[in-house]
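Fold and contact review
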Amino acid sequence: MTHPSPSTRAMVPFVSVENMMRLVHHVGLTRFLVELTDAITDDFKRWPAFDKTSRVPAHSAGGVIELMPTADDTLYGFKYVNGHPKNMAEGLQTVTAFGVLARMDTGYPLLLSEMTLLTALRTAATSAMATRALVRPDARTMAMIGNGAQAEFQILALHAVCGITDIRLYDVDPAATAKVMTNLAGYGLNLTACTTPQDAVLGADVITTATADKRNNQVLTDNMIGAGVHINAIGGDCPGKTELHRDIVARADMFVEYPEQTRIEGELQQMPPDHPYTELWQVLTGDAAGRTRPDQITLFDGVGFAIEDFSALRYVHAASQNTAFVQMLDFIADPDDPRDLFGMLARAA
Ligand code: NAD
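The notes below deal with the structure included here.

Definitions and limits used
- Residues numbered from 1 in each chain as written.
- Predicted model: local features only at pLDDT ≥ 70, side-chain atom pairs only at ≥ 80, totals over all residues.
- Heavy atoms only, no water.
- Salt bridge = Lys/Arg side-chain N within 4 Å of Asp/Glu carboxyl O.
- Helix = DSSP H or I, 4+ residues; strand = E, 2+ residues; numbered from the N terminus.
- Core = buried A, V, L, I, M, F, W, Y, C linked by side-chain atoms within 4.5 Å.
- Buried < 20%, exposed > 50% of the residue type's maximum accessible area, 1.4 Å probe, protein only.
- Contact = heavy atoms within 4.5 Å.
- Expected span 1.5 Å × (residues − 1).
- Near = heavy atom within 4 Å.
- Polar contact = N/O pair within 3.5 Å; in protein donor to acceptor, adjacent residues only side chain to side chain.
- Areas by Shrake-Rupley, 256 points an atom, 1.4 Å probe, with all protein chains shown as cover.

1. Observations regarding the pattern of salt bridges
- Counted according to the given criterion, the structure contains 22 salt bridges.
- The closest approach of N and O atoms between E265 and R55, which form a salt bridge, is 2.6 Å. With E265 in helix α9 (residues 259-265) and R55 in the loop between α3 (29-45) and β2 (56-60), this pair connects stretches of sequence that are 210 residues apart.
- Taking the shortest distance from any N to any O, the salt bridge between D237 and K241 comes out at 2.3 Å.
- One network of salt bridges, in which partners are shared, links D43, R46, D72 and R314.

Shown next as structure tokens:
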């Protein structure tokens, strides 16, 4: 067998923001969200096969930068991601990200990808995965609280995966709600702009909160939550940054990704150490019960876990291979003689 030339064998496919947008449109946004939901579900179902650790944060007054690694026997993935709620007021995004997928056998990277768009897609797919497992089967109406960068993705994923058709929107900034109304016109959804969170949750079977505020907020209070509702609380994802009144968390049955991380970052941080929760992966494998009663309040305390990014990178790697949606990057130094790194440099003089 001949080896590829050194210059090509270590080239790393790179998916830029522009190519990610092309790839999503090439696959089709709905199909992309459905397939990504299934990819994440597949990986959650083989949870014990992964090396898992809470993400590694670097906090500052304005936000956080985090590394999110995980690996199975054959692949390693990590994401670099930030969360800076103050950014929006400065014309910058709250969340930006990129990531790498690599081979476990050689350690060589297989893919470098933008992940700002991909994070919005995978966070939406993760909410869809949790909602599909926990929502009442007759659910059709969703309240979307927080109409920022994540909102349209969250709505479209629940539409595609869970058959949600009626959307009630609320944001403290009406301009954000107007943006979603404009962006989602033409998707066959019944969209209603609401002026209070109380109005938005009226008749909602699913409530998703994706607000950005670096404090213990109370976007929803206990009196707003009726029997049988499923909540995806995804905006509280840092120490000291939560969205729900404690009484809701106390009343609901809680489902989490990686408990060690959720304990520090999720709504769970408000609760005593013995507060009960169920790990979502066990609901997906059938090892734990999900919703057992129509009147039960289920809460997915989503903070975002590394396996979701791993699944997203794995999915994008497969979908982009041998397409025009990648650029090959000279990213890994790979001399002909592996011991002669210096010689390679010297010959380049
Ligand atoms: P964004 O800044 O684009 O949008 C946030 C929106 O929330 C803004 O429109 C803001 O006006 C609104 N808002 C703030 N306080 C509110 C309140 N009390 N009631 C209603 N609306 C309110 O941010 P984004 O990129 O959409 O992200 C939203 C949140 O989700 C962030 O906190 C982010 O860290 C988090 N997030 C979580 C995950 C995850 O995996 N769980 C992934 C991505 C983002």
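2. Section: the nonpolar core
- The biggest cluster of nonpolar side chains holds 68 residues, and the ones touching the most others in it are F32, F44, I155, L280 and V316.
- For this core, the element with the highest residue contribution is helix α4 (residues 116-134), accounting for nine residues.
- The residues contacting F32, other than those within four sequence positions of it, are L23, V24, V27, L118, L121, Y315 and V316.
- If you look at the next biggest cluster of nonpolar residues, it comprises 25 residues, including A200, I231, A233 and A252.

3. Concerning helix α11 (residues 306-320)
- The end-to-end C-alpha distance of α11 is 21 Å, a good match for the 21 Å that 15 residues give at a rise of 1.5 Å each.
- The element α11 is largely enclosed, with a buried count of 12 among its 15 residues.
- Those residues of α11 that sit buried are A306, I307, E308, D309, F310, S311, A312, L313, Y315, V316, H317 and S320.
- One or two positions beyond α11, positive phi appears at N322, with a value near 55°.

4. Points about the site of the ligand
- Taken together, 27 residues form the shell around the ligand, and within it T94, Q150, D171, D237 and K241 come nearest.
- Between the ligand and the protein, one listed contact pairs a nitrogen atom with a backbone N or O atom of V172 at 3.4 Å.
- Isolated, the ligand exposes 870 Å² of accessible area, and the fraction of that covered by the protein chains is 91%.
- Looking at the shell around the ligand, the elements with two or more residues in it are α4 and β11 (216-220).

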